[in-house]
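Analysis of the macromolecular model
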Amino acid sequence: MDSGVYSRSGPSSSETPSSCSSLPTGPVARTQSEGTEQHHPPRPQFLKQQSTPVTPAERIRAVSRSDLIKEKLKTNTAIFFGVHERSEETEKKVWMRRRMRLATRCYGELKAECQPTAYSAPGTDTGMKDETDLRWDGTIEPSPLRQKPSVASMTFKGVAILAAALNKQRGDIGRQRQTSRSYSPSTLGGSTIPQSPIDDEVFFENGNVEDTRLTAAAPADFVDTTADLFRSIHHPAGSSGERHGSWRRSMEGRREGSSQVGLSRIHGIDLDQAHDNSDRRQHGQGIFQRLFGRSLKRSVLNNEPVKEQLEDLEDHRPYFTYWLSTVQILILVISLISYGFGPFGMDLSHQSGLVLVTSLSLQQVDYTEPANFWLGPRAADLIHLGAKFAPCMRRDAKIIKEIEKGRERERETACCIRNDDSGCVQLSKTDCSSTISTWKKWTKPPDSNSGGRISGSVCGLDPKYCEAPASVAPYEWPDDITKWPICRKTSSPVQRLRTKDKLAAEHMVCEVIGHPCCIGIHATCKITTKEYCDFVHGTFHDEASLCSQVSCLDDVCGMLPFLNSEVPDQFYRLLTSIFLHAGIIQLAISLLIQWFLMRDLEKLTGTARLMIIYIGSGVAGNLASAIFIPYRADVGPAGSQSGLLACLIVEILNIWPMLRHPYRALFKHLAIAGMLFVVGLLPWFDNFSSFFGFLFGFLLSYAILPFVSLGEYDRQKKIFMIWVCLITTVFLFLLLVLFFYVIPVYDCEFCGYFNCLPLTRDFCSAQNINFKRTDSPV
């Protein structure tokens, strides 16, 4: 074995998993030159073309910073996709072993000829130990590497270490530093140890040592692991002396020719400094390793072959899976604390009660809204939190049309003033009772008191009495009450009433009973009382007098306000809805999928690749759902989960020849996909998102997963597949954007059946609030 470096055989770049005879069974073979090439980026092409050698100064001048950045980006991109020429062989072996470990966890047993023999055990997570055994002949005996501690165990251990450090008394720390050792005075037998350099020289004498073959084998580590052995050799139990319990021994106590086994391994080391570990790093190599309690023997870290084994056998940490699960749990908890639980059930929820209305009487109000059987918030609350809802992402023609109809009706309204001076409210002529009220409407020819306007009057609003914004040239208010702004400062008409007719400003001195209230998720506005608005879970605007002065769609959507109040622009809902859940039950389903599927997949792919697949599939799936089901508020990572399933199926097809039961593994994952489709037939869970998420996840998996191809693997073939998959993905996404914004789909009855199966009559009903009876005239 040359230079202490192990060698192993592995499949070449042209081989595929169909042949398991050449699978890696030992450490990776790497020569010194290969190791150098792996850690240093290749030289730029224009430097390779130079025939004469150049000095470092000339090279620095020749290579510009932009060229170095381009070369670095090119190299890192090639390594990310697994098509870098210099590291392709090494990375392919690493990925092969990772895929074998993923297969044993998720897909079942491997074939007998594909079983890892040296460093992994079938049926275990990794089956590895991260340490080696040192033989007494100085050679290294590789042993199975320990499984890495989980993130949870590291967190708990780190918290325990912090708690123990905070509970230490300062006196104990001071005494420990005074002795400059970690041993308590009781272990020294109560005697004084002379600080003489002679003792150190005596202790480090080689003496008669027979075995000196382990001199070069990690001496610092040997001190850590065999300190007790040294103390037992030099101070056996029952021995007397003033230095009982100390690792020192005197010149007089030394016997010539005594056997000092193992001292050759620590020859030349200052043990006085080594045992001065009052502030010594007991765990790991830094503050974060000390915090989380991680440690590796220095003999492992300093041994190059073992270091290569650890690099190859370590899977990626599922950080994104844990972070995503934590964020999803926190968002649902905060949502329930802020908005509470909506009505629970599988049908419509009926609400009824006596409410004070604009007629100043108590009226029975009945309304229905869909229940949430996922045990979570209402539909309107989920939209506020960032659910997928097409009217908040684009100008919806149907909703804009309804808003325009409401403004046309509002132009014909006027202030309805009660004759008993009990208040006034903005109503149409048919809703204002002529018996007990007066409908104050400006008509043709223009009334002298109206300022020449025929549109109005408005309860509590008049251009003549508004100081901010004032109706002065060239900013005069138009003769259209639906275009009047909200008056921020109104002057009192009392002084004017002394000289003019009191009836001229009657609509300004009456008590306004009703204000705009935005109800439901379709931007419906109604002039009503605050009690009524609160009962139907609406948004009350007491600062406004007309519905045209408020943007109910902005209130419905929530989150960040629109840049233009007339143009919804919350395209980011395609991303935010991935982190939302309709309730506790749906969150539990997502956590199960992420724990049993996503966590193992991230160990193979790493965080960056998994995030691309997860977010790309989820965003594309939500976009497709917004096209076909625009008026339903859907939440949850259905598209992302389907993308993960597509990635796992791609891995099954890639290692198909290695699996003992490939059909069983494929059927299991297809069954999970079928289960998600069945769940998608329920409200709040989207099948369109699942279908398109699976499609995009399939394409992204073939693009960014290294060494995955259709048929026999070839580097040029893989590069061609990467381009095809990426271009197809971008084209499909742009096509969905085109259908969403340019050629929108508003009505699709068949699409509703694919997304929600009507188990009952009202199981798939609209999520808007529907009223059973209306107010009586004022």
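On a predicted model such as this, the values are computed, not experimentally measured, just so you know.

With that settled, the discussion passes to the overall build of the chain. Scanning the chain from N- to C-terminus turns up 29 helices and 13 strands. Here the chain, with 778 residues, has 46% of them falling under the buried criterion. When the accessible area of the chain is evaluated, it comes to approximately 39600 Å², of which 59% is carbon and sulfur surface.

Attention now goes to the nonpolar core. With 64 residues, the main nonpolar core has Tyr107 and Leu659 as its most contacted residues. By residue number, the principal contributor to this core is helix H24 (residues 607-628), which donates 9 residues. Residue contacts for leucine 659: discarding those within four places in its chain leaves Ala103, Tyr107, Glu109, Leu110, Lys111, Ile652 and Ala665. Counting residues in hydrophobic clusters, the runner-up holds 31 residues, among them Ile521, Ala544, Cys557 and Ala582.

Taken together, the 3 strands give an open sheet; going across it, the order is S3-S4-S13, and neighbouring strands pair in antiparallel fashion. The open sheet has two edge strands with one neighbour each: strand S3 (348-356) and strand S13 (770-771). As paired elements, strand S4 (residues 362-370) and S13 share 2 bridges and run antiparallel to each other. Looking at S13, one finds that threonine 368 is bridged to asparagine 770.

So, about the state of the cysteines. Applying the stated criterion across every chain, the model contains 9 disulfides. There is a disulfide in this structure between cysteine 466 and cysteine 487, and the S-S distance comes to 2.3 Å. Taking the sign of the S-S torsion, 110 degrees for the link of cysteine 466 and cysteine 487, the bridge is right-handed. One end of the pair, cysteine 466, is in strand S8 (residues 466-468); the other, cysteine 487, is in the loop between S8 and strand S9 (489-490), with 21 residues separating them in the sequence.

A separate point is the pattern of salt bridges. Scanning the model with the defined rule gives 17 salt bridges in all. With a closest N to O distance of 2.6 Å, arginine 101 and aspartate 315 form a salt bridge. A residue pair is termed long-range when its members are at least 10 positions apart, and arginine 101 in helix H5 (residues 88-107) and aspartate 315 in the loop between helix H14 (304-313) and helix H15 (319-339) qualify at 214 residues. The exposure classification of arginine 101 matches that of aspartate 315, with both residues buried. What emerges from the salt-bridge pattern is a single network uniting Arg101, Arg105, Asp315, Asp600 and Lys603.

This paragraph deals with the packing of helix H23 (residues 584-605) against helix H25 (residues 638-654). Orientation of H23 relative to H25, taken along the N-to-C sense of each, is 45 degrees, at an axis distance of 11 Å. Relative to H25, H23 is oriented oblique. Read as a crossing pair, H23 and H25 show a hand that is left-handed. Between H23 and H25, the contacting residues are Ser590, Ile593, Leu597, Met598, Leu601 and Leu604 on the first element and Gln641, Leu644, Leu645, Cys647, Leu648 and Glu651 on the second. Tallied by class, residues from the contact of H23 with H25 come to 9 nonpolar, 2 polar and 1 charged.

Another aspect to go through is the UniProt feature "transmembrane region" (unreviewed entry) in the chain. Taking the UniProt record as the reference, the feature "transmembrane region" (unreviewed entry) is found at residues 578-598, 610-631, 643-659, 666-685, 691-708 and 720-743. With 78% helix and 0% strand, the stretch residues 691-708 has end C-alpha atoms that lie 23 Å from each other.

Quick notes on the rules
Residues numbered from 1 in each chain as written. Predicted model: local features only at pLDDT ≥ 70, side-chain atom pairs only at ≥ 80, totals over all residues. Heavy atoms only, no water. Helix = DSSP H or I, 4+ residues; strand = E, 2+ residues; numbered from the N terminus. Buried < 20%, exposed > 50% of the residue type's maximum accessible area, 1.4 Å probe, protein only. Areas by Shrake-Rupley, 256 points an atom, 1.4 Å probe, with all protein chains shown as cover. Core = buried A, V, L, I, M, F, W, Y, C linked by side-chain atoms within 4.5 Å. Contact = heavy atoms within 4.5 Å. Pairing = 2+ DSSP bridges. Disulfide = S-S within 2.5 Å. Salt bridge = Lys/Arg side-chain N within 4 Å of Asp/Glu carboxyl O. Axes fitted to C-alpha atoms, helices over the stretch in contact; angles between N-to-C directions. Parallel < 35°, antiparallel > 145°, perpendicular 65-115°, else oblique. Left-handed = near helix turned anticlockwise from the far one by under 90°. Nonpolar A, V, L, I, M, F, W, Y, C, P; charged D, E, K, R; others polar. UniProt positions renumbered as here; feature names shortened; annotations may be inferred.

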